[in-house]
Structures are given as structure tokens and as C-alpha cells.
Amino acid sequence: MHSQITESPPGGSREQRARAPVWKPALRRSLISQAAKGCNARAPGAAAAAAPSARAGSSPLHEAAAMERGLSDSGETLRSSSGGPSREVVLSGIFSLAPAAAPKSSCALSLTSSAELLLRRLDTSEPSGSITALSLSDCIGCYAFQRKGAPEPAAAYFTVFCYPFKKGWWVSGESRHRVAKTFRVLESQEAEENRSIAETWARKIMELSTPSTLSLQEATFGLLSRPCQVMVLLNPRSGSGRALQLFKSQVQPMLTEANIGFSMFITEKNNHAWDLVRKTDLSMYSALVIMAGDGLLYEVINGLMERPDWESAIQKPLAILPGGSGNALAASLNHYTSKGHFNKEELLMNCTYFLCKGLHAPMDLMSLHTASGKRLFSFLSFGWGFISDVDIASERYRKLGGARFTVGTFQLLTTLQVYKGRLSYLPCGDQSPSPGSSPSAVGHGSPSALHSEQFSFSSKKSLYSFFPSVSSCASSKSCLLEDSLLVPFEQPVPEHWTVAPEEEFVSIICIQHSHLGADLLLAPQAKLYDDAIHLFYVTAGVSRLSMVKFFMAMDKGTHLALNSPYLHYVPVKAFRLEPLVRKGSMTVDGELLPCEPVQGQMHRRLARVISSTGS
């Protein structure tokens, strides 16, 4: 059983929201005539409200016409907020602000082809000529409506919702904040005509707010349709246990503004999301939204890869809303926009903003095979040794949120362990032939993955062996994706691979994104789909003090600049790790694995993720 909550798109049914405005011939002629004159609509009483602030011979009608021509009343050229030249005005008019700051508060409004909404107050509260510019690149929604029982029953309204960056006075960085503006339209005594004008503005604003990246890189990016319905999977126990509360207070209002409906599924046990996405009909959803830590997204991805229709299912856009302790993918997506570091609630607002904008991009996935026969898919990392031990040992401090990792780190530093194993990898850029054409390449149905009774840990005599467990993706006979760079465990790695000379390690991490946690910038050079596994390993002999320095420098991603002889970094296409002693924790995307031989390779652009234009 699972808990499910369904929320429809705001503003009525989809049919009502998608209804095209009814245009009367007289209204059409009126709008065309007003556009030719340089003014679209004028609210009653606007002239009286604007008279005190207008110069002699000026009127609100002249103000709107001047804005449309790109000229202020003083004759200066209006420029975009980015400092560029003035752009063509698409729509302009005079409307009242609602709720009005003053009884007859009105403004001249212009919508430009450069996706800016220029607003000039026409009352005495603003200096003459002062213009507020809203960039529609920050706009997540705009809709038209009418209010029943309003003092002016014929009036219509349209509201625009923007989330621009703003520099805080107490911090050096920028964070998003909400700006909502509602404009009242009362051009006619006919409610239908006023609503048509409001709907025209709302529709044009949404058109101009669409991300422009869609035209680049041969359709690399995609866009969610509006209105749309998404599937939300939420773990109420993730992180400090506030995921459901944060969703209701922060996420849900933004989804309403963006005209995104949702069906929420609250997970109740381990692997619940795995089972849900494997069995659920996903055709009704435009995207899958994960409100939790990175572990729940790991479940979702592996559930999708077990479906009979995995090739299309894994292309369903995925959105991560940070509600856990680590939140590594959320931090990485924000890092790719180069906007700096964010606290947890700012990170959540940014990721929700990404979802509301609806832009999705490719994401690489790593295919992993274990010696016991399991096949798994990772979007974030695989690890063995110190960092994985910290991840697992700090579970008991989950209520501390991200601070659990700091506590766990200092706890395990008191007894720094060494892990013996053999590490092999295929460096990026290697042009040697891959074993993909060989029948021994690992993939679905591989004899080594499914039928071998025993697995050696190295080419030397086996120290211990494993019996095959039930394979996840492989045994389900769903995923037919071949790992062309890998060979069965009983075979040595191909000759063109590199074998690390060291056999004693403190920690090994294979990561696909920039962040290992919200405050751990491990691979600052990583990108969303760079077709690389970023391999980091720390060899034996490193001191506790050096480990502390590594973690402190990781906050800003400067740990490689320490030039430590114990810290190694190699971007690779594939790897194999063979422990020589069964010791320490192995983790994939933060989830525990038995300590055994593991090998993996990258699959470029296999999945899709909701991201920003900066990815």
C-alpha cells in the first residue's frame, strides 16, 4: 500500500485553462486600432491618478505610447535591463494594479520582444520616469482570471509570477525571491471582452518566458508542456524528516503558479519507489519528481530500467527536489548554473524553479555489475572505503541533516583504515578497440553474470568467493543494454586498460557529477553529460591531518590544488575494483552494497533530468 494525493492544475480544469479566448469582431478591431496608436488598453480613472506625476501636456495615454516607441517622456531611449538596446514592443497598455496600493493606482505596461515586462507607475508614489523591469526568463507562470462577487464584476485580471535572483544584505551570494504582480483589465463593460484582453497578455507572457535554449544543440534540450501532470514520489523520513512539510509550504505553491498538477506517492519502506515506477502506468505523467535524498532517485532509475519498456521509460524527465541529507545531484545542478553555494531551502527553491520552467537535458548513467550477479544503474557515484564508511556509519545521525557527515567524518578519522584491493580502469580518450564485438562483452544474458557458481577477487588465488544472488536488472530480462567495455570477472581486464600500481587504499570514489554532497564539491570540472566517470582514490600513507585538509578544501573544490601525492584523479570510461580483503562499505548512490568485485561503465545520455539552461 502507498499514500497517494492528487492535485489538479490550478485555475480549473485543463479544458478551461486551455480554452482560447473568444474574440468579438468589435473587440478585434478595437485592439488593432489601439495597437496602431501605440496603446492597448486603458483603465478607467487612470488619467486622474496619473495627472499629478505627469508633466504639462502629458497623459497616461502618451506615457504608454512613449514606452511602446522605446522613448520615455523626456525623450531618452528605453533599454533592456541587461543594458542592451531597446527592443520592439509586442503589447502595451495601461492597467490598475491589484490589489492597489492606492485607490486609483495604475501603471503603463509594455511587453517587449526581448522578453521583458516594463512597468511604470503613473501615480505620485514613484519618481517620474522610473521603470521597473521584470525579465521573463525568471517567469514560471502567468494566467488570466475573473473574480466572482468582485466590486467590478466586468473586470478581468492577469497575474505574472517571477523568481529573480536578489543579493541578500547579510550574505555575499544571490538567491531567488518571489515577485508576483496582478493587473486589472477594465477596458469594456463586457466581462468577456476584458477576459480576452487578459488572456492575450497571459498567453504572450508565457510564450516569451519559454527558455530559448531549446533551439540549440540539435534538440538536446526538451520542454515540459503546459498544463501538465507529474508524478511526485516523496520519502517523509528522508533527511531530518521535513520533506512533506517543505513540499506543502514551498514546492506546492510554486507548482500551482506554474500550472503543474501532481499525483503524490508517499513511500513507506525501502525499495517502495523501485516497485512503484516498475509497475505504474507512466503515460499520464510528463515527468517524475523525487522529493527526498539521492537514494530515492537511485530506486526510481533502477525501477525504470527493469520495465519491459525501459528504453522509453528511462527517457521520462526526472526532477530532484532536495529533501534528504546529502542532496548531491541538486547541488550539482545548481553548480552547473555558476550561481554559487545555496543553503538547503534556497537549493529547494532553485530546483523547484527548474521544474516550473520545465527544461530537461540528457544525463549520463553508469551501469554496474557485481561478482554475485547483480546489475545496477547509478546516476551519482560508486564508492569503497573511508567516504562510503562515513555515509553508512552516519545514518544514525540522520536527524542532524547534512551535519551527519561532519560528525561521521571526525568519528572515523580516529581510526583511519586501509583497504586492500586491485583497481583497473579505461582512461577517457583511449582509442583502442573495445571488446564490444567480442561475445564475452558483459550485458543482458551474459553467462558470467547469471550462471557462474563462484567469482574470484583477482587473477591470484581467490581469498573468498560469492554465490550469485538474484540479479536485479539482468534476471528480469527487461534491460537489454550491453556493456561493451566490460568483460566477465573471470577474465582479466583488456590489455589497453590501466592497472593502478597501488593495492592499499584509504578511499575510492567513482563520481559522475560535481558534488558528492551539498557541501562536497569533489569534481568541479564534471558536467551533466560529459561521458566520463571521475575516478578519485586516496592511497595508504595519508595522514589524518591531510584527510581533514582534503575535506575542508572540498567545500570549494580546491582539494586537487593541494598537490598531495596520496590523492589521485583520473577521468575514465570504465573501471573494475577487486577487493583483496572483505572489509569496509561499498555504496552506490549512497546505498549499501556487499563488499565484492564490482565493475562499471558509462552510458552517455541514457536518462533525462530537469535542469537549467546553464547545464
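Per an unreviewed UniProt entry, the protein chain is named sphingosine kinase, and its organism is Podarcis lilfordi. Under the heading Subcellular location (unreviewed entry), UniProt records this for the protein chain: "Endomembrane system".

**Q** It is not clear to me how the confidence of the model for the protein chain should be interpreted in this structure. Could you clarify?
**A** Caution applies to low-pLDDT regions: their predicted coordinates should not be interpreted in detail. Averaged over every residue, the pLDDT of the protein chain is 80; the share at 70 or more is 72%. Under a pLDDT of 50 for its full length, residues 12–82 has, in the predicted model, 126 contacts with residues more than four places off or in other chains. Scored below 50 in pLDDT, residues 444–477 shows 76 contacts in the model against residues more than four places distant or in partner chains.

**Q** Looking at this model, I keep getting lost on the packing of helix α10 (residues 328–335) against helix α11 (residues 344–357). Mind explaining?
**A** Geometry of a packed helix pair, given as the angle between the helix axes and the separation of the axes. Axis separation between α10 and α11 bottoms out at 10 Å; the angle between their running directions is 70°. For the element pair α10 / α11, the angle class is roughly perpendicular. Across the interface between the two elements, Ala330, Ala331, Leu333 and Asn334 from α10 touch Leu347, Asn350, Cys351 and Phe354 from α11. Looking at the contact of α10 with α11 residue by residue, the classes come out as six nonpolar, two polar and no charged.

**Q** Sorry if this is basic, but what is going on with the pairing of strand β17 (residues 375–378) here?
**A** It is a general feature of regular strands that their side chains alternate between the two faces of the sheet. Burial along β17 is two-sided: the face carrying Arg375 and Phe377 and the face carrying Leu376 and Ser378 are both buried. Examined bridge by bridge, strand β16 (residues 359–370) and β17 share four bridges and lie antiparallel to one another. Following the sheet pairing, Leu368 is matched in β17 by Leu376. From the end of β16 to the start of β17, which pair antiparallel, there are four residues, and Gly373 there has a positive phi angle of about 105°.

**Q** Please clarify how the pattern of salt bridges should be interpreted in this entry.
**A** When the charged atoms of two side chains with opposite charge come close together, those side chains can pair. Overall, the coordinates contain 14 salt bridges when judged by the stated rule. In this structure, Arg576 engages Glu578 in a salt bridge whose closest nitrogen and oxygen atoms are separated by 4.0 Å. Judged on exposure class, the residue Arg576 and its partner Glu578 are both buried.

**Q** Help me understand the environment of Glu207, please; the structure alone is not making it clear to me.
**A** Relative to the helices and strands, Glu207 is located in helix α5 (residues 191–209). Between the C-alpha atom of Glu207 and that of Leu136, which follows or precedes it by 71 residues, the distance is 9.5 Å.

**Q** It is not clear to me how the sheet that holds strand β7 (residues 156–162) should be interpreted in this structure. Could you clarify?
**A** Whenever strands of a sheet pair, they do so through backbone hydrogen bonds, lying parallel or antiparallel. The seven strands are arranged β5-β4-β3-β2-β10-β7-β6 in an open sheet whose pairing can be described as antiparallel. With partners counted over all chains shown, the strands left at the sheet margins are β5 (132–135) and β6 (139–145), one partner each. Direction aside, neighbouring strands of the sheet carry axes that sit 30° apart on average. Where strand β2 (residues 89–97) lies against strand β3 (residues 106–112), seven bridges are found, and the strand directions are antiparallel. Within β3, the position partnered with Gly93 by the bridge is Leu109.

Reading the values: rules and limits
- Numbering of residues starts from 1 in every chain and runs along the sequence as written.
- This being a predicted model, a pLDDT of at least 70 is required before a residue's local features are given, and a value of 80 or more before pairs of side-chain atoms are given or counted; all residues contribute to the totals for chains, interfaces and linings.
- The side-chain numbers reported here are obtained from all heavy atoms of the structure, hydrogens and water having been left aside.
- UniProt positions are given in the numbering used here, feature names are shortened, and annotations may be inferred rather than shown by experiment.
- Across the chain, each position has a pLDDT score giving the predictor's confidence in that residue, from 0 to 100.
- Throughout, a residue-residue contact means that at least one pair of heavy atoms, one from each residue, lies within 4.5 Å.
- To obtain an axis, a line is fitted to C-alpha atoms, over the contacting stretch when the element is a helix, and the angle between two such axes runs from 0 to 180 degrees between their N-to-C directions.
- By the criteria applied, helices consist of DSSP H or I runs no shorter than four residues and strands consist of E runs no shorter than two, each listed in order from the N terminus.
- Geometric relationships in this document are graded by angle, where less than 35 degrees denotes roughly parallel, more than 145 denotes roughly antiparallel, 65 to 115 denotes roughly perpendicular, and other angles denote oblique.
- Amino acids outside the nonpolar list (Ala, Val, Leu, Ile, Met, Phe, Trp, Tyr, Cys, Pro) and the charged list (Asp, Glu, Lys, Arg) are all regarded as polar, and Gly is one of them.
- Here the term buried applies to any residue with accessible area under 20% of the maximum for its type, exposed to any over 50%, and partly exposed to those in between, with areas from a 1.4 Å probe on protein chains only.
- Think of it this way: DSSP has to see at least two bridges between two strands before they count as a pair.
- For this analysis, a salt bridge means a side-chain nitrogen from Lys or Arg found within 4 Å of a carboxyl oxygen belonging to Asp or Glu.

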